[in-house]
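Reading the structure
Residue-level listing of the chains:
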Amino acid sequence: MKRLACLMVAMIMLAACGGGATTQQPTNSVPAANSAPTAGAAEQATAAPSTAPQPTSAGAAAVDSVKAGLDWTPNTNHTGLYVAQSKGYYHDNGLNVEIVQAQEGGTVEQLVAAGKLDFGISYQEGVTLARVEGLPIVSIAAIIQHNTSGFASRKDENITSPRDFEGKKYGAYGSPTEQAVIKGLMECAGGDFSKVQFIDIGSTDFFVATERGDIDFAWVFKGWTGAEAEQRNIPLNIVMMNDQHCIPDYYTPVLITSEKMISAHPDVVKRFMAATSAGYQFTIANPSEAADMLVAAAPELDKGLVQRSQEYLSKQYQADAPRWGEQRTEVWHDYAQWMADRKLIAKMIEPDKAFTNEFLPAASAWQH
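Just so it is clear, the structure is predicted and the values come from calculations on it, not from any experiment. (Residues numbered from 1 in each chain as written. Predicted model: local features only at pLDDT ≥ 70, side-chain atom pairs only at ≥ 80, totals over all residues. Heavy atoms only, no water.)

1. Points about the overall build of the protein
Rules: Each helix corresponds to a stretch of at least 4 residues labelled H or I by DSSP, and each strand to a stretch of at least 2 residues labelled E; elements are numbered beginning at the N terminus. Burial classes follow relative accessibility: with a 1.4 Å probe on protein chains only, a residue under 20% of its type's maximum area counts as buried, one over 50% as exposed, and anything between as partly exposed. Any two residues whose heavy atoms approach within 4.5 Å are treated as being in contact. Areas reported as accessible are Shrake-Rupley estimates using a 1.4 Å probe. Residue values count occlusion only from the protein chains shown.
When helices and strands are tallied, the protein shows 14 helices and eleven strands. Each of the 368 residues in the protein was classed as buried or not, and the buried ones make up 58%. Contacts spanning at least 24 positions in sequence make up 84% of the contacts within the protein whose residues lie at least 6 apart. For the protein, the exposed area adds up to about 14100 Å²; of that, 47% sits on carbon and sulfur atoms.

Structural data, given as structure tokens:
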């Protein structure tokens, strides 16, 4: 989640593949999903998913092995998955879930569409672009309810509004929407977009790039870079996207699967979502304990940073939604329309086919 990695570099960074099935007797101490919802999408992906149930011995319940691909290295966007794994929620729902980091082989969106990953972490823009290109993927949950990204700068740059981007150096990472977003924000605030200098910094660390003077500001997630700045006692200004009211809110990140997975294995999808939802609900209620589980799974992470980030995100995962993961048609429509109006996509998508809430458990299904 360095800078905006988890938001858009997922288009560039890559995921992993494969999977099988084993047998094991699950228990049911967390919500189990035993009935399948109606699939909301019908197109078929290009390869069979890795979750095809395998024969089991008499009296034994099948445990479906699935792979979930991250959009980046493990971070607090992903905590609910690691909690579900650590607490046994996946096992309790008859699943053996392997969580894999981004790596060579294709984007998360491509590998989910092809059935080489059963589930993946993406973001609304990535799903929209993929569907325009004909990749049959579907968002099945909003991991964070509102956009928590913004444009960060060191305090002494005095950047407190998009108008202040004028004459500054922006650290670009290569997303097709960067210029459109910054231009839109500046036009709304009365700034001159032509006076912004774009500097390609790739995956260079925000703090390194700003300390060296390579750039003045960059697009980051408040829940990670903002938390790290607090931990390092580096004062920042962050012009939050959702404070500007110029560009529609959108979901970032989201959980995705393929239309073929929904059609062929809806019960697996429902059980995966029952367990994952329980993982995020636990994280919301117990951010410190959940942070410890993430660090245990990814010991390379800084524990203090994870704890600080987790405390912030615990209030953002569900926010004002009736349940964790809930998505709304108007959010999908409005952002896709914004992209279409600015020629960022060749055609408008059908918003209702890009996402579904059908696999989310009821709001009261998980108990603290």
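2. Structural notes on the pattern of salt bridges
Oppositely charged side chains may form a pair once their charged atoms are brought near each other. Under the convention used in this document: Whenever a carboxyl oxygen of Asp or Glu lies within 4 Å of a side-chain nitrogen of Lys or Arg, that contact is scored as a salt bridge.
All told, the structure shown has 13 salt bridges when counted by the stated rule. For the salt bridge of Glu-157 with Lys-168, the shortest nitrogen-to-oxygen distance reads 3.0 Å. Taken together, the residues span a long stretch of sequence, with Glu-157 in the loop between strand S6 (149–154) and strand S7 (169–172) and Lys-168 in the loop between S6 and S7 at a distance of eleven residues. Residue classification places Lys-168 among the buried positions, given a relative accessible area of 18%.

3. Quick word on the packing of helix H2 (residues 79–86) against helix H10 (residues 266–285)
Think of two packed helices as two axes; the pair is described by the angle between the axes and how far apart they sit. Put simply, the test is: Whenever a helix is involved, its axis is fitted only over the stretch in contact; in every case the axis is a line through C-alpha atoms, and angles between N-to-C directions fall within 0 to 180 degrees. In what follows, roughly perpendicular refers to angles from 65 to 115 degrees, roughly parallel to angles under 35, roughly antiparallel to angles over 145, and oblique to any angle outside these ranges. Gly is put with the polar residues, along with every residue not named as nonpolar or charged; the nonpolar set is Ala, Val, Leu, Ile, Met, Phe, Trp, Tyr, Cys and Pro, and the charged set is Asp, Glu, Lys and Arg.
Packing of H2 against H10 brings their axes to within 7 Å, and their N-to-C directions diverge by 105 degrees. Put simply, H2 runs roughly perpendicular to H10. Contact residues: Thr-79, Gly-80, Leu-81, Val-83 and Ala-84 in H2; Ala-275, Thr-276, Gly-279, Tyr-280, Phe-282 and Thr-283 in H10. Considering only residue class, the contact of H2 with H10 consists of six nonpolar, five polar and no charged.

4. Comments concerning the sheet that holds strand S9 (residues 217–221)
As a reminder of what qualifies: Two strands qualify as a pair provided DSSP detects at least 2 bridges between them.
Spatially, the five strands line up as an open sheet ordered S8-S7-S9-S6-S10, and their pairing is mixed. Each edge of the sheet is formed by a strand with only one pairing partner; in this case those strands are strand S8 (197–200) and strand S10 (236–240). This sheet shows a mean twist of 40 degrees between the axes of neighbouring strands, independent of strand direction. Taken together, the five bridges between S6 and S9 define a ladder with antiparallel strand orientation. Looking across to S9, one finds that Gly-150 is bridged to Val-220. The strands touched by helix H6 (residues 178–189) within the sheet are S6, S7, S8 and S9, with S7 carrying the most contacts at an inclination of about 145 degrees.

5. What about H10?
Applicable threshold: Expected helix span is given by 1.5 Å per residue-to-residue step, counting one fewer step than there are residues.
Spanning 20 residues, H10 covers 28 Å between terminal C-alpha atoms, matching the ideal 28 Å at 1.5 Å per step. When you tally the buried positions in H10, you get 16 out of 20 residues, the bulk of the element.

6. Concerning unusual backbone geometry
Here the residue pair Thr-252 and Pro-253 is connected by a cis peptide bond, since its omega of 0 degrees sits within 30 degrees of zero. In this model, Asn-158 sits at a positive phi of 60 degrees, which is unusual for a non-glycine residue. By secondary structure assignment, the location of Asn-158 is in the loop between S6 and S7. On the basis of relative accessible area, Asn-158 is assigned to the exposed category, the value being 57%. Its identity is not glycine, yet His-245 carries a phi of approximately 55 degrees, on the positive side. Here His-245 falls in the exposed class, since its relative accessible area comes to 70%.

7. A word on the pairing of S8
Spelled out, the test is: For a crossover, the right-handed case is the one in which the path from the first strand over the helix to the second runs clockwise, viewed with the strands pointing away from the viewer.
The pairing of S7 with S8 spans four bridges and is classified as parallel. By the bridge assignment, Ala-172 is partnered in S8 with Asp-200. What joins S7 to S8 is H6, and the crossover it makes is right-handed.

8. Examining the pairing of S9
Among the five residues in S9, five count as buried, and that is most of the element. One ladder, built from two bridges, connects S7 with S9; its direction is parallel. Counted as the bridge partner of Tyr-170 is Phe-217 from S9.

9. Considerations on the environment of Trp-224
Along the chain, the position of Trp-224 falls in helix H8 (residues 222–231). What makes Trp-224 buried here is its relative accessible area of 5%.

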